Amino acid sequence: MKKWITVTALSALLLSSCSAAGEERSKIADAVLGTKSNKQQLIHAEGAKVLERIAVPKGYDRVPVEDGSYGHYLRNLPLKPHGSKVHLFNGDLKAKEVYEAVLDVDVGERDLQQCADAVMRLRAEYLYGSGNYDKIHFNFTNGFKADYATWRKGNRIEVSGNKVSWTKRGAPSNSYEVFRSYLNMVFAYAGTLSLSKEMKQVPLSEMQAGDVFLEGGTPGHAIVVLDMVENTKTGDKLFLLAQGYTPAQDIHILENGANGEGNPWYSTAFEGKLNTPEWTFTKEQLYRFTD
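Residues numbered from 1 in each chain as written. Predicted model: local features only at pLDDT ≥ 70, side-chain atom pairs only at ≥ 80, totals over all residues. Heavy atoms only, no water.

Trainee: Got a minute to help me understand the packing of helix H4 (residues 115-129) against helix H6 (residues 176-189) in this structure?
Mentor: Geometrically, a packed helix pair is captured by the angle between its two axes and the distance between the axes. At a closest axis distance of 11 Å, the pairing of H4 and H6 adopts a crossing angle of 150°. Between H4 and H6, the interaxial angle falls into the category roughly antiparallel. Handedness of the H4/H6 crossing: right-handed. Contacts between H4 and H6 involve Asp-117, Met-120, Arg-121, Ala-124, Glu-125 and Tyr-128 from the former and Tyr-176, Phe-179, Arg-180, Leu-183, Val-186 and Phe-187 from the latter. The residue inventory of the contact of H4 with H6, partitioned by class, reads eight nonpolar, no polar and four charged. (Axes fitted to C-alpha atoms, helices over the stretch in contact; angles between N-to-C directions. Helix = DSSP H or I, 4+ residues; strand = E, 2+ residues; numbered from the N terminus. Parallel < 35°, antiparallel > 145°, perpendicular 65-115°, else oblique. Left-handed = near helix turned anticlockwise from the far one by under 90°. Contact = heavy atoms within 4.5 Å. Nonpolar A, V, L, I, M, F, W, Y, C, P; charged D, E, K, R; others polar.)

Shown next, in the form of structure tokens:
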């Protein structure tokens, strides 16, 4: 269940993240995926990054990306040691082991970094690390624009009833601690619904790393396309998916039950629905950040 906020007009919209409804959808997805088959072990246990841990299927090559791009950042994300489990924000283990690897990205100590939040976290970390502070901005569920450029100048967001506003609270700072406090504020007031309104839909044929399968709503879910490969002879493309979930938990690379353990790649040629372990999406639910 998404975090509750005190803005009265928004309270009915806050179930905008992944929830128990995903469990019901996962049962349907499990039935569709069937037994694990087509086994192809592509996991290199010693790999410390995404592109080192998860190998490319035979006949495929990783889609070229520019150095310094978001796609380059995502495929070079650090991973926890092979075999690591997904933990919730409180230290408990995730009930369902639906993943092949776990990103080495902290989840925080509060139930904030859920599914849409994981998507925003990765995007914001990339922009922060590259010094593109002015591009870090996300909308609250009520449409309020929370931009890091204003936050880092010492301003903070106040919520009073239905009113959301900026107020001067301290000295300007680009410290990582201040950046993380900004993200926690965003996580508390934004979700799948707000993301679906500020991101743009893109055709499945134009998919690229960093795009997001997104169902905005109450409930909703969001999963990021972490990496892509292509068969240059046939033009077939495959992709990796990473998600956060509810309660807040480590971001993890999803397994693909149709392939069996050891091959987490999904095909862009899926028919009808994209069945992931805990959610099902349509082809029309692919989104991209606009800047």
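Trainee: Got a minute to help me understand the packing of aromatic side chains in this structure?
Mentor: For any two aromatic rings, the description comes down to two numbers: the centre-to-centre distance and the angle of the planes. By the definition in use, this model includes 21 aromatic pairs. Taken together, a centroid distance of 5.6 Å and an interplanar angle of 50° make the contact between Tyr-128 and Tyr-133 tilted. Ring-pair connections join several aromatic residues into one group, and the members of that group are Tyr-128, Tyr-133, Phe-140, Phe-144, Tyr-148, Trp-151, Trp-166, Tyr-176, Phe-179, Tyr-182 and Tyr-189. Above the ring of Phe-270, the side-chain terminus of Lys-283 is found at 5.9 Å from the ring centroid. (Phe/Tyr/Trp six-rings, centres within 6.5 Å; stacked < 30°, edge-to-face > 60°. Lys NZ or Arg CZ within 6 Å of the ring centre and 35° of its normal.)

Trainee: Please explain H4 as it appears in this structure.
Mentor: One full turn of an α-helix is made of 3.6 residues, so residues set three or four places apart face in the same direction. Between its first and last C-alpha, H4 extends 22 Å over 15 residues, near the 21 Å set by a 1.5 Å rise per residue. Of all 15 residues in H4, 14 are buried, a share of seventy percent or more. A positive backbone phi angle near 80° is found at Gly-131, which sits one or two residues after H4. (Expected span 1.5 Å × (residues − 1). Buried < 20%, exposed > 50% of the residue type's maximum accessible area, 1.4 Å probe, protein only.)

Trainee: Just to check I follow, could you spell out the environment of Lys-283 for this structure?
Mentor: Structurally, the position occupied by Lys-283 is in the loop between strand S14 (279-282) and strand S15 (286-288). Taking the relative accessible area as the measure of exposure, Lys-283 reaches 34% and is therefore partly exposed. Once the C-alpha coordinates of Lys-283 and Lys-273 are considered, the two residues, ten residues apart in sequence, prove to be 6.9 Å apart. With sequence-adjacent residues up to four places away left out, Lys-283 is seen in contact with Leu-204, Phe-270 and Gly-272. Looking at Lys-283, its side chain comes within polar contact range of the main-chain oxygen of Phe-270, at 3.5 Å. (Polar contact = N/O pair within 3.5 Å; in protein donor to acceptor, adjacent residues only side chain to side chain.)

Trainee: Any chance you could explain the side chain of Asn-256 here in plain terms?
Mentor: Structurally, Asn-256 is set in the loop between strand S11 (252-254) and strand S12 (266-267). Separated by 3.0 Å, the side chain of Asn-256 and the backbone nitrogen of Ala-258 make a polar contact.

Trainee: Help me understand the pattern of salt bridges in this model?
Mentor: Close approach of charged atoms lets side chains of opposite charge pair. Summed over all chains, the structure comprises ten salt bridges. Residues Glu-97 and Lys-85 are paired through a salt bridge, measuring 3.1 Å at the closest nitrogen-oxygen approach. Within this pair, whereas Glu-97 is found in the loop between helix H3 (70-75) and strand S2 (99-102), its partner Lys-85 is found in the loop between H3 and S2, the two being separated by twelve residues in sequence. Under the relative-accessibility criterion, Glu-97 is labelled partly exposed at 48%. Taking relative accessible area as the criterion, Lys-85 reaches 34% and is therefore assigned partly exposed. Note that Asp-106 and Arg-180 form a salt bridge whose closest N and O atoms lie 3.1 Å from each other. Within this pair, whereas Asp-106 is found in the loop between S2 and H4, its partner Arg-180 is found in helix H6, the two being separated by 74 residues in sequence. According to the relative accessible area criterion, Arg-180 is buried, its value standing at 11%. Beyond isolated ion pairs, a larger network of salt bridges with shared partners links Asp-106, Arg-121, Glu-125 and Arg-180. (Salt bridge = Lys/Arg side-chain N within 4 Å of Asp/Glu carboxyl O.)

Any functional reading would require information beyond the geometric quantities listed.
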